[in-house]
Structures are given as C-alpha cells and as structure tokens.
Amino acid sequence: MALKQLATKIDENIKNALDAYCEKRGLIIARFLEDAILDKIEEDEDLSDLRKLRGESFKSMDAVIKELKALGKL
C-alpha cells in the first residue's frame, strides 16, 4: 500500500486529547486517525445507501416543521 502524508491544523486541546488517548491505550496516532476517517466515510456511505434504498430524501427539522405548519398539521 502506498502511503501519503496528511498535514492539517487542529485545535490544541483536541491534539492533546488525541495524544493522551492514544498513549494511554498504546495506539499509534496515524493508525487511529486512519481508522477514524474510514469509519466516518463508511458511516456516511451507509446512510446514503440506506436513503437510496428507502427512496428517502433528507429534510432538515426546520423544513419539516415549516411544511407541517403550511399544511395546517402543526
């Protein structure tokens, strides 16, 4: 597997928490971040796939409330 470097700036408190978390559990930060990124991508893809299977579109709660008020159901 080819490796690429990822450089980013994050809040100092988050970085400190990440360092402490990984150190306490004996984890390698790069591996932890890879797993977290993959988990998030898979979660988003699963949600997208589920919506497609159900034929659902996404509406914000504000949009739903506005629509129900317009229909006189709220």
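The model shown is predicted, which means the values in this text are computed figures rather than measured ones. (Residues numbered from 1 in each chain as written. Predicted model: local features only at pLDDT ≥ 70, side-chain atom pairs only at ≥ 80, totals over all residues. Heavy atoms only, no water.)

Draft legend 1. Geometry of the confidence of the model for the protein. Here the protein shows a mean pLDDT of 88. Residues at 70 or above account for 97%. By mean pLDDT, the top-scoring element of the protein is helix α1 (residues 12-25) (97), and the lowest-scoring one is helix α2 (residues 29-54) (85). (pLDDT = per-residue confidence, 0-100. Helix = DSSP H or I, 4+ residues; strand = E, 2+ residues; numbered from the N terminus.)

Draft legend 2. View of the layout of surface pockets. Estimated volume of the largest pocket: approximately 510 Å³. Every residue lining the largest pocket is counted, 15 residues in all, and those nearest its centre are Leu6, Ala30, Leu33, Glu34 and Ile37. Among the elements of the structure, α1 and α2 are those that each provide at least two residues to the lining of the largest pocket. When residues in the lining of the largest pocket are grouped by element, the largest group, 5 residues, is from α2. Residues belonging to the lining of the largest pocket are distributed by class as follows: 10 nonpolar, 2 polar and 3 charged. (1 Å grid on protein atoms, 1.4 Å probe; cavity = no way out; pocket = protein on both sides within 12 Å on 5 of 7 lines; lining within 4 Å. Points joined across faces, edges and corners; volume = space filled by probe spheres on them. Nonpolar A, V, L, I, M, F, W, Y, C, P; charged D, E, K, R; others polar.)

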